[in-house]
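Structural characterization, general
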Amino acid sequence: MTAIKPTVQRPCPGPRAGRAVTALALRQTRLGALVVAALVCGMSAMAVAAHRSTVKDPADAAALEALAGNPAIRTLFGEPVALYDAGGFAVWRTGTALSVVLAVWALLAATRITRGEEDAGRWDVLLAGRVPVTTVVARHITVLVSASLLAGTAAFAGLIATGATASGAAVHGAGLALCGVFFTAAGAMTAQVFPTRSAASGAAVAVLGISMLLKMVGDGLAALGWLRWLSPFGLTALSRPFDGNQVWPLVILFSACLALASGAAAAAGRRDIRGGYLRSSSGRAPRMRLLGSLQAFSVRRLLRPLAAWAAGLGAYYLLIGLLAVSLTGLLTDNPRFADLAAQAGFAGLGTVQGYVATLFALLAIPAGTFVAVRLATLATDESGGRLTLLFAQPLTRARLLSGEIAAALGGVIVLTTVAGLATWSGTQAVGAKLGITAALSGAWNALPIALLCLGTSVLALGWTPRAVTVIGSLPAAGGFLLKVIADISGWPAWVGLMSPFAHLAPVPGVPVNWLPVILMTAIATLAATAGAVGYRRRDLRI
């Protein structure tokens with residue numbers, strides 16, 4: 001008889017495949033994680049250095065703490081904790097901002113590398129193998145959690161390197177990391193609930209906005225201080241780094257992170273691939289509005305995100321207007337407080353016009369990010385194949401791009417107008433003297449930087465379509481950080497002048513500085529033209 005050779009059992013490829021999935025997630029996020037970690041480390045260290053130049057004696061610390069105890073300052077910048085300590089000052093000056101930066105990056109990265117990849121069909125072959133979707137999602141979450149822990153460690157290292165107390169730095173770093181972990185889990189959960197990346201990202205951003213609002217209200221109103229226990233940002237603040245170092249709020253936040261991340265991984269295994277728990281109805285009548293032309297189609301794609309951004313910015317700037325009298329009155333009655341506020345980076349807050357001008361300068365960041373995200377959506381839809389049939393029509397790419405540019409430009413004008421009207425409404429409610437024309441001119445003063453973002457976004461779309469969001473946001477987010485870092489670190493004046501924010505006049509306190517406005521508009525036009533040329537010449541990403 002012929003001997004039958006036994007079948008050789010190959011080792012299960014599960015562990016190797018799992019490591020490959022982890023490597024894929026790491027490759028997709030490593031650059032962003034390193035940039036965020038470097039930013040967190042550098043800003044924390046520079047805030048400690050700024051404390052030495054701002055607070056020179058105990059009287060200065062007491063005066064600054066009294067200033068920060070004003071409800072308006074508490075609402076805008078958080079509860080002042082241990083301002084006499086360099087580490088405590090750094091946490092108050094940069095802690096909330098860095099938490100928001102890390103949270104935004106974490107949630108957008110989570111929806112991009114999970115729902116975005118699945119929605120584009122790049123997970124089809126992967127999920128057809130032996131690695132279940134639960135494991136794929138869990139490994140992507142693990143990589144992003146590690147990135148948040150890296151950012152927290154970077155904050156700890158930056159504070160320690162500049163002489164801050166180790167215990168306070170550890171609590172602050174842990175709280176910062178847990179904020180990133182929470183919004184990583186939130187992004188991963190919304191990616192399981194919603195069937196598209198845009199809807200998942202929008203829902204996660206809404207969670208972030210509500211969390212920030214709860215913290216701001218809790219900080220500003222002592223009677224509603226309990227609201228901070230419902231927000232990851234509030235729990236981080238309640239840990240009080242450098243002033244008691246309370247651990248229990250972080251334990252609660254850790255438990256919430258664990259529950260949300262575990263729930264996201266488990267939810268992935270109970271839904272259809274390329275589907276979500278919330279599905280659009282297949283039996284509804286077709287909606288044909290705004291489908292008659294490319295320009296109308298661009299407006300249709302813009303309406304929902306524009307409504308969400310306008311609601312968020314409108315609510316924030318309404319609050320800015322409502323706080324105008326409280327803050328400016330305090331600084332008018334106490335000139336020393338005004339001097340300390342200027343040294344801490346909040347110059348011009350003593351008058352209503354200066355106060356709103358300072359806050360309107362920040363409007364350029366969300367406005368510029370908005371146009372960058374809109375152009376990045378076009379690149380995503382192109383690579384996901386959702387524009388293939390449109391490109392097959394006798395329509396030029398120039399027409400499509402011009403429609404998207406016009407829609408984004410109109411959208412950012414609407415956003416700045418909403419912010420101006422909301423600020424004016426708030427000031428009128430509290431009796432502050434600010435005309436509607438002054439409010440609108442101050443809000444529109446942010447448009448030149450938004451135009452720079454639009455131009456660089458088109459440039460990136462034409463030549464490096466995978467980096468539209470990053471490159472498009474640089475004039476706003478990068479320019480603001482450059483100015484802040486240059487001011488804090490005492491770098492030569494020409495370094496700060498490289499930021500577009502250095503050339504914006506504080507409108508409505510003073511007239512518009514038209515020469516920089518014209519130059520920024522010209523640069524944006526040249527960048528957009530170069531991007532349009534590249535967009536017409538390059539191959540489609542289909």
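Here's what I pulled together on the structure shown here.

Here is what the cut-offs are and how they apply
- Residues numbered from 1 in each chain as written.
- Predicted model: local features only at pLDDT ≥ 70, side-chain atom pairs only at ≥ 80, totals over all residues.
- Heavy atoms only, no water.
- Helix = DSSP H or I, 4+ residues; strand = E, 2+ residues; numbered from the N terminus.
- Contact = heavy atoms within 4.5 Å.
- Patch = residues over 30% accessible without salt bridge, like charges linked within 9 Å, V, L, I, M, F, W, Y side chains within 5 Å.
- Areas by Shrake-Rupley, 256 points an atom, 1.4 Å probe, with all protein chains shown as cover.
- Salt bridge = Lys/Arg side-chain N within 4 Å of Asp/Glu carboxyl O.
- Buried < 20%, exposed > 50% of the residue type's maximum accessible area, 1.4 Å probe, protein only.

**Points about the side chain of Asp-85**
Within the fold, Asp-85 resides in the loop between helix H3 (71-77) and helix H4 (86-119). Apart from residues no more than four positions distant in its own chain, Asp-85 is found in contact with His-51, Thr-165 and Phe-242.

**Re the environment of Val-412**
For Val-412, the position within the fold is in helix H17 (residues 397-430). The sequence separation of Val-412 and Phe-370 amounts to 42 residues, and the corresponding C-alpha distance is 7.2 Å. When near neighbours in sequence (up to four residues on either side) are disregarded, Val-412 contacts Ala-367, Phe-370, Val-371, Leu-447 and Ala-450.

**Observations regarding a nonpolar patch on the surface**
Judged by side-chain polarity, Trp-226, Trp-229, Leu-230 and Ile-252 come together as a nonpolar surface patch covering roughly 440 Å² of accessible area. Examined against the element boundaries, Leu-230 turns out to sit in the loop between helix H8 (197-220) and helix H9 (232-238).

**Regarding the pattern of salt bridges**
The final tally for this structure, using the stated rule, is 11 salt bridges. Its salt-bridge partner being Arg-115, residue Glu-118 comes within 3.9 Å of it at the nearest N-O pair. Of the two residues, Glu-118 and Arg-115 both sit in helix H4, three residues apart, roughly one turn of that helix. A residue is classified by how much of its surface remains accessible, and Arg-115, at 1% relative accessible area, is buried. With its nearest N and O atoms 2.7 Å apart, the salt bridge here joins Asp-243 to Arg-240. You can call Asp-243 partly exposed: its relative accessible area is 28%. We classify Arg-240 as partly exposed; its relative accessible area is 25%. If you follow the salt bridges from partner to partner, you end up with Glu-79, Lys-215, Asp-219, Arg-228, Arg-240 and Asp-243 in one network.

**Here's the deal with unusual backbone geometry**
Negative phi is the rule for most residues except glycine; trans is the rule for most peptide bonds. Here the bond from Val-507 into Pro-508 is cis, since omega is 15°, no more than 30 degrees from zero. Examined against the element boundaries, Pro-508 turns out to sit in the loop between helix H21 (493-496) and helix H22 (514-537). Positive phi, close to 50°, is recorded for Arg-240, a residue that is not glycine. Counting through the fold element by element, Arg-240 comes out in the loop between H9 and helix H10 (248-268). The residue Asn-245 is not glycine, and still its phi comes out positive at about 50°. As for its position among the elements, Asn-245 is in the loop between H9 and H10. A residue is classified by how much of its surface remains accessible, and Asn-245, at 22% relative accessible area, is partly exposed.

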